[in-house]
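Coordinate inspection notes
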Amino acid sequence: MCRWAGYIGAPIYLSDILSAPEPSLIEQSRAADEGKASLNGDGFGIAWYGKRAEPGLYKDAHPAWSDVNLRSFANQVQSHLFLAHVRASTGTAISRNNCHPFVVDNWSFMHNGLIGGFEQVRKKADMLIPDALYKHRKGATNSEAFFLNALGQGLDNNPREAIAKTVKLFEQLSPITPHLRLSITFSDGKKLYAVRYASDRWAPSIYYRRHKRKDSWAIVSKPFDENHNGWTKMESNSFCTFDQKDVFIQKLI
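What you see is a predicted model; the values in this text were computed from it and never measured. (Residues numbered from 1 in each chain as written. Predicted model: local features only at pLDDT ≥ 70, side-chain atom pairs only at ≥ 80, totals over all residues. Heavy atoms only, no water.)

Within this model, the largest pocket holds a volume of roughly 300 Å³. Along the walls of the largest pocket sit 20 residues, with Thr90, Gly91, Thr92, Gly113 and Asn142 positioned nearest its centre. Elements represented by at least two residues in the lining of the largest pocket include exactly strand E6 (107–115), helix H4 (118–127) and helix H6 (142–152). Sort the elements by how many residues they give to the lining of the largest pocket and E6 lands first, with 5 residues. Taken together, the residues that form the lining of the largest pocket break down as 5 nonpolar, 13 polar and 2 charged. (1 Å grid on protein atoms, 1.4 Å probe; cavity = no way out; pocket = protein on both sides within 12 Å on 5 of 7 lines; lining within 4 Å. Points joined across faces, edges and corners; volume = space filled by probe spheres on them. Helix = DSSP H or I, 4+ residues; strand = E, 2+ residues; numbered from the N terminus. Nonpolar A, V, L, I, M, F, W, Y, C, P; charged D, E, K, R; others polar.)

In structure tokens form, the structure reads like this:
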């Protein structure tokens, strides 16, 4: 299972989440808990928003802790909205195209979890991606297929409804149990969204809290501190919308 973090609020250095906290996301890439994999060394990625609608994207297939440029990059770049991910592959190749976040136009997306038996239905999942979006299918992961299908279900117009429709679609496609376990976060460059869901009782964890200031939020798969001080754990079957002022929580399905 992977680890990820999202942020929205007053501009901060990426390092405030990637490397400064204890345990930071980079540290979690080689010593994670609350998941099946303690080592998340199959790649990493960052999508960050600035003055343009489309996010910047930096990702690679080697471990986050071994990237000699990552800490320097994170110490220099500031952003008001970004997503960061460290990957533990569930079967697909270790390659840059399979690393999260995935980006299409102004949207960025990342995922932790599984789709039961996805290798058996990958062709069917790909065939459901609209023709206009299929050019963005660069890798082979279930996460990218889920994202592109969600865009096809109307993510631009109604994010909660699009994710709910995509969840139902992939539950129907999945040939084995558990059909679906997911924790995802994604953004259109204006708001940050997080979803926690599972077909059984074991939805991967998501936590959130204010980050230093009242106009900022951090959303993570695992808290930055050992005592989990101030973090709220999202309930399963939740769809959360974050802006700088508040969080709005709905049931997903």
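Here we take up the packing of H6 against helix H7 (residues 159–173). It is at 9 Å that the axes of H6 and H7 come closest, and there the two elements cross at 130°. One finds that H6 runs oblique with respect to H7. Judged by the twist between their axes, the crossing of H6 over H7 is right-handed. On H7, the residues that touch Ala145, Phe146, Asn149 and Ala150 of H6 are Ala162, Ile163, Thr166, Val167, Leu169 and Phe170. Looking at side-chain class alone, the contact of H6 with H7 contains 8 nonpolar, 2 polar and no charged residues. (Axes fitted to C-alpha atoms, helices over the stretch in contact; angles between N-to-C directions. Parallel < 35°, antiparallel > 145°, perpendicular 65-115°, else oblique. Left-handed = near helix turned anticlockwise from the far one by under 90°. Contact = heavy atoms within 4.5 Å.)

Secondary-structure assignment places Thr185 in strand E7 (residues 180–187). A relative accessible area of 0% places Thr185 in the buried class. Excluding residues that lie within four positions of it along the chain, Thr185 makes contacts with Trp4, Leu83, Ser108, Phe109, Met110, Leu192, Tyr193 and Ala194. (Buried < 20%, exposed > 50% of the residue type's maximum accessible area, 1.4 Å probe, protein only.)

A full pass over the atoms with the stated rule returns 17 aromatic pairs. What links up through ring pairs into an aromatic cluster is the set Trp107, Phe109, Phe146, Phe147, Phe170, Phe186, Tyr193 and Phe239. (Phe/Tyr/Trp six-rings, centres within 6.5 Å; stacked < 30°, edge-to-face > 60°.)

Turning next to the pairing of strand E8 (residues 192–198). Across the 7 residues of E8, 7 count as buried, placing the element largely inside the fold. Here E8 shows two buried faces, one formed by Leu192, Ala194, Arg196 and Ala198 and the other by Tyr193, Val195 and Tyr197. Summarising the sheet, E7 and E8 pair through 7 bridges and their orientation is antiparallel. Its bridge partner lying in E8, Leu182 is registered against Tyr197. Between E7 and E8, which pair antiparallel in sequence order, lie 4 residues; one of them, Gly189, sits at a positive phi of approximately 90°. Alignment of E8 against strand E12 (residues 238–242), held across 5 bridges, turns out to be antiparallel. Across the sheet, the residue bridging to Tyr193 is Thr241, located in E12. (Pairing = 2+ DSSP bridges.)

Counting residues in hydrophobic clusters, the biggest one holds 33 residues, and the most contacted among them are Leu155, Ile163 and Phe186. Residue assignment for this core shows that the elements contributing at least two residues are strand E5 (102–104), E6, H4, H6, H7, E7 and E8. When residues of this core are assigned to their parent elements, the largest contribution, 7 residues, is made by H7. Counting 24 residues, the second largest nonpolar core, distinct from the first, contains Ile17, Ile26, Leu70 and Val77. (Core = buried A, V, L, I, M, F, W, Y, C linked by side-chain atoms within 4.5 Å.)

It is worth spelling out H7 at this point. Under the 1.5 Å per step criterion, the end-to-end length of H7 is 21 Å for 15 residues, consistent within 8% with the ideal 21 Å. Of all the residues in H7, the buried ones are Pro159, Ala162, Ile163, Ala164, Thr166, Val167, Leu169, Phe170, Glu171 and Leu173. Looking at the buried side of H7, the elements it contacts are E6, H4, H6, E7, E8 and E12. (Expected span 1.5 Å × (residues − 1).)

A few words now on unusual backbone geometry. His100 connects to Pro101 through a cis peptide bond whose omega is -5°. On the secondary structure map, Pro101 appears in the loop between strand E4 (78–86) and E5. The peptide bond linking Thr177 to Pro178 adopts the cis configuration, its omega dihedral lying at -5°. Residues other than glycine seldom take positive phi values, yet Asp105 does so here, at roughly 55°. With respect to the helices and strands, the residue Asp105 is situated in the loop between E5 and E6. With a phi close to 65°, Asn237 is a non-glycine residue in the positive phi region. Relative to the helices and strands, Asn237 is located in the loop between strand E11 (232–233) and E12.

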